[in-house]
Amino acid sequence: MAAATTTAMAAQDKRDWSSLPRDLLSLVLKRLPWSTHPSFGAACRNWRSVVAPFYPAWVTPVLLSAADVGSTNLRFYSPYYHKNFEVSCTLEAPGAKFCCAAGRHLTLCQLSKVLEADLVTGDVHELPPSIYGWFHFVVYDGGVEPERMFGVHTIGHPRTALTVKDDDGEWDGWHLALVPDSGFMEASPNTNPVLHGGSLYVLFDDGKLAVYDESLHCDDDGFFKILDKPSSFGIHKCDEEPEDKYLFESDDGELMAVLIGRRGTPVRIVKLDEQEMEWHEVDSLGGRALFTGTLDTLMSKTKVKWMQNKVFFPRLYQWPDTVHVDIVDRHGELAFVPTSTGAGRDTKPAKDGANIWSHQLGSENSTQFWDTEKLDYSIWVDFNIHNKK
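Computed from a predicted structure; not experimentally measured.

(A) Fine view of the pairing of strand 22 (residues 278–282). Alignment of strand 21 (residues 267–273) against strand 22, held across five bridges, turns out to be antiparallel. Within the sheet, the bridge partner assigned to V270 lies in strand 22 and is E281. As consecutive antiparallel partners, strand 21 and strand 22 are separated by four residues, and within that stretch M277 has a phi angle of approximately 55°, a positive value.

(B) Main features of the sheet that holds strand 21. Within the open sheet, the four strands sit side by side as 19-20-21-22. Their pairing is antiparallel. The sheet terminates laterally at strand 19 (244–249) and strand 22, the two strands that pair on one side only. Neighbour-to-neighbour, the strand axes of this sheet turn through a mean angle of 30°, independent of strand direction. Pairing of strand 19 with strand 20 (residues 255–260), which is carried by six bridges, proceeds in the antiparallel orientation. By the bridge assignment, Y246 is partnered in strand 20 with V258.

(C) Geometry of the sheet that holds strand 1 (residues 55–56). The strand order across the open sheet formed by seven strands is 1-27-26-4-3-2-30, and the pairing between neighbours is mixed. Whereas interior strands pair on both sides, the edge strands pair on one side only; in this sheet they are strand 1 and strand 30 (378–381). By the bridge criterion, four bridges tie strand 2 (residues 62–66) to strand 30 in an arrangement that is antiparallel. Across the sheet, the residue bridging to S65 is S378, located in strand 30.

(D) Focus on the pattern of salt bridges. Enumeration over the complete set of coordinates arrives at 13 salt bridges. As a salt-bridge pair, K165 and E147 come within 3.7 Å of each other at their nearest N and O atoms. Of this pair, K165 sits in the loop between strand 12 (159–164) and strand 13 (175–178) while E147 sits in the loop between strand 9 (137–140) and strand 10 (148–153), and the two are 18 residues apart along the sequence. Taken as a pair, K165 and E147 share a single burial class, namely buried. One continuous salt-bridge network, built from bridges that share partners, spans R104, D118 and D329.

(E) The environment of L111, seen in detail. Checked against the element boundaries, L111 lands in the loop between strand 6 (105–110) and strand 7 (113–118). Between the C-alpha atom of L111 and that of G133, which follows or precedes it by 22 residues, the distance is 8.5 Å.

Parameters at a glance
- Within every chain, residues take consecutive numbers counted from 1 along the sequence as written.
- Predicted model: local features are reported for residues with pLDDT of at least 70 only, side-chain atom pairs are reported and counted for 80 or more only, and whole-chain, interface and lining totals are derived from all residues.
- Only heavy atoms go into the side-chain values, all of them from the structure, while hydrogens and water stay out.
- In short, DSSP must find at least two bridges between two strands for them to pair.
- Every helix listed is a DSSP run of H or I at least four residues long, and every strand listed is a run of E at least two residues long, numbered separately from the N terminus.
- Between the N-to-C directions of two axes lies an angle of 0 to 180 degrees, each axis being a line fitted to C-alpha atoms and, for a helix, fitted only over the stretch in contact.
- A carboxyl oxygen of Asp or Glu within 4 Å of a side-chain nitrogen of Lys or Arg is what we treat as a salt bridge.
- The classification of residues rests on relative accessible area computed with a 1.4 Å probe and restricted to protein chains. Under 20% of the type maximum is buried, over 50% is exposed, and intermediate values are partly exposed.

What follows is the structure, given as structure tokens:
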């Protein structure tokens, strides 16, 4: 008799949980991280009915571009879903140039101004004005304490200005380091300088590097030094000279560069041997994916098999559907949430990424850029950096 009573009570409890009111379930769901929603919806039909469609923003890097040139409307292209996610808010920075991105933090240049924007709230803050004019590049260190930002001139006599965020969250004034004796240089025009090992590296078109040691940052001692080695990428004279070169730091802390030929072929990735100071070609990304072709080049670990060991470039074969969304942050996880009822119900990923130009590393066949449309004024953003403002 006791056993039967226990069984009846357990059954009653189960029915109670499964029949909770939908408004209560919705309140519970809003307090849970996005990554728990699939498990929540798998509990029963009633619970699944309150799980609204959303697109995880952290699955792979996404490509940020302007929906309307000049207005700086935010639009994110996801190669994983092959969709454009357009955000209703507009950054108050018309005509600004995307410079670098770290998580939800975006740095822009607008004439002589340097701006920082929060991609979730749309808030834009202006840094202290620079008396040194505009910069060719701006590099943000990604939120490592203390947060730093470098404005870099790379054509002519190189110089850099540094600003540091104080304890109150405000940026200090720009502090200039300039040494004309460092020589004349002209960096590769399409690649950001890269912070590596506490120093700032600038890539030349031929594979040479210039380095700036931040520990020597003062008016008298700070300087860029053009290194004797590496002297080149090691490309043979018979090989085609790469058209585009992008410097980046791998997730293992190695200095690397991706070299892309004219019209997208050939594609090579080289790694700097810092003992010998020579570039060495690599034939595998260890299952990672590389997103390049903008001022930020990102290497990303991925469980998506068709993305592994591939290089992705911001050129599309087919223009994607646009879904109007809000970016919503829950417990450090960001998701694109459709703003209209019934929109964005198709949350299935793309099958093979055939709509965006890519190259399988290690393959002898490189696909050219024929019949592709380049997403101008764009930058790769990785929302897998949780809790970064």
